[in-house]
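Inside the fold
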Amino acid sequence: MSNDTTPYETEVIIGCDHAAYPLKETIKAFLAEKGVKVVDAGCHGPESVNYPDFAKEVAGKVSDGTHPKGILLCGTGLGMSMAANRFKGVRAALVSDGFSARMSRMHNNSNILVMGARVIGESLALDLVRIWMETPFEGGRHLDRIQMFESF
């Protein structure tokens, strides 16, 4: 756990494609500074890879309960979010602004944060990770709504 009072998860799984490899490394360092154990699901370099492989690894581990939260990164975030949301119980939110990051947690209890490395810069990405990690789920009527679409 971090030294401050922010409610960061103690463990997060992260994955990316080649377009987001540098950003993934930056986010890993940021989370490690907060005391978060980061499980790196790849990719492990800038060589071209297929994003669905990494979406499957991260979303599968969130879906089966191995990890409470995940982060996925690719060039736009679109492919990763589409692939991740195919897994039961996964609520992957593609965000590029603070309001969406906050609301994805407060109202939708998102368990995977998705960002596009070619869409946002490093500073914004770190801010979005911070907001997403620090924002709790409100529950209540929002839980009822989530349960409704979990049965689709």
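Right above here is the structure, for reference.
Just so you know, these numbers come straight off a predicted model, no measurement behind them.

Some words on the packing of helix H4 (residues 98–106) against helix H5 (residues 122–134)
At a minimum axis distance of 8 Å, the contact between H4 and H5 shows a crossing angle of 25°. In terms of axis orientation, H4 runs roughly parallel to H5. The two elements H4 and H5 cross, and the hand of that crossing is right-handed. For the pair formed by H4 and H5, the contact residues are Gly 98, Ala 101, Arg 102, Ser 104 and Arg 105 on the first element and Leu 128, Ile 131 and Trp 132 on the second. Tallied by class, residues from the contact of H4 with H5 come to four nonpolar, two polar and two charged.

Some words on the sheet that holds strand S2 (residues 37–40)
Strand pairing in a sheet takes place through backbone hydrogen bonds and is either antiparallel or parallel in direction. Taken in spatial order, the five strands of this open sheet run S2-S1-S3-S5-S4, and their pairing is parallel. Across the chains shown, the open sheet's two edge strands, defined by having one partner strand only, are S2 and strand S4 (92–94). Strand-to-strand twist in this sheet, taken as the mean axis angle between neighbours without regard to direction, amounts to 25°. One ladder, built from three bridges, connects S4 with strand S5 (residues 112–116); its direction is parallel. Across the sheet, residue Ala 92 finds its bridge partner in S5, namely Ile 112. Seen against the sheet, H5 touches strand S1 (11–16), strand S3 (70–74) and S5 and runs at an angle of roughly 165° to S5.

Looking at H5
The end-to-end C-alpha distance of H5 is 18 Å, a good match for the 18 Å that 13 residues give at a rise of 1.5 Å each. Within the sequence span of H5, burial applies to Ala 125, Leu 126, Leu 128, Val 129, Ile 131, Trp 132 and Met 133. Turning to H5, the residues buried within the fold contact S1, helix H1 (21–33), S3, H4 and S5.

Focus on helix H2 (residues 51–63)
Taking 1.5 Å of rise per residue, the 13 residues of H2 would be expected to cover 18 Å, and the 18 Å separating its terminal C-alpha atoms lies within 8% of that figure. Within H2, the full set of buried residues consists of Phe 54, Ala 55, Val 58, Ala 59, Gly 60 and Val 62. Phi turns positive, to about 85°, at Gly 65, one or two residues after H2.

Cut-offs and rules
- Residues numbered from 1 in each chain as written.
- Predicted model: local features only at pLDDT ≥ 70, side-chain atom pairs only at ≥ 80, totals over all residues.
- Heavy atoms only, no water.
- Axes fitted to C-alpha atoms, helices over the stretch in contact; angles between N-to-C directions.
- Helix = DSSP H or I, 4+ residues; strand = E, 2+ residues; numbered from the N terminus.
- Parallel < 35°, antiparallel > 145°, perpendicular 65-115°, else oblique.
- Left-handed = near helix turned anticlockwise from the far one by under 90°.
- Contact = heavy atoms within 4.5 Å.
- Nonpolar A, V, L, I, M, F, W, Y, C, P; charged D, E, K, R; others polar.
- Pairing = 2+ DSSP bridges.
- Expected span 1.5 Å × (residues − 1).
- Buried < 20%, exposed > 50% of the residue type's maximum accessible area, 1.4 Å probe, protein only.

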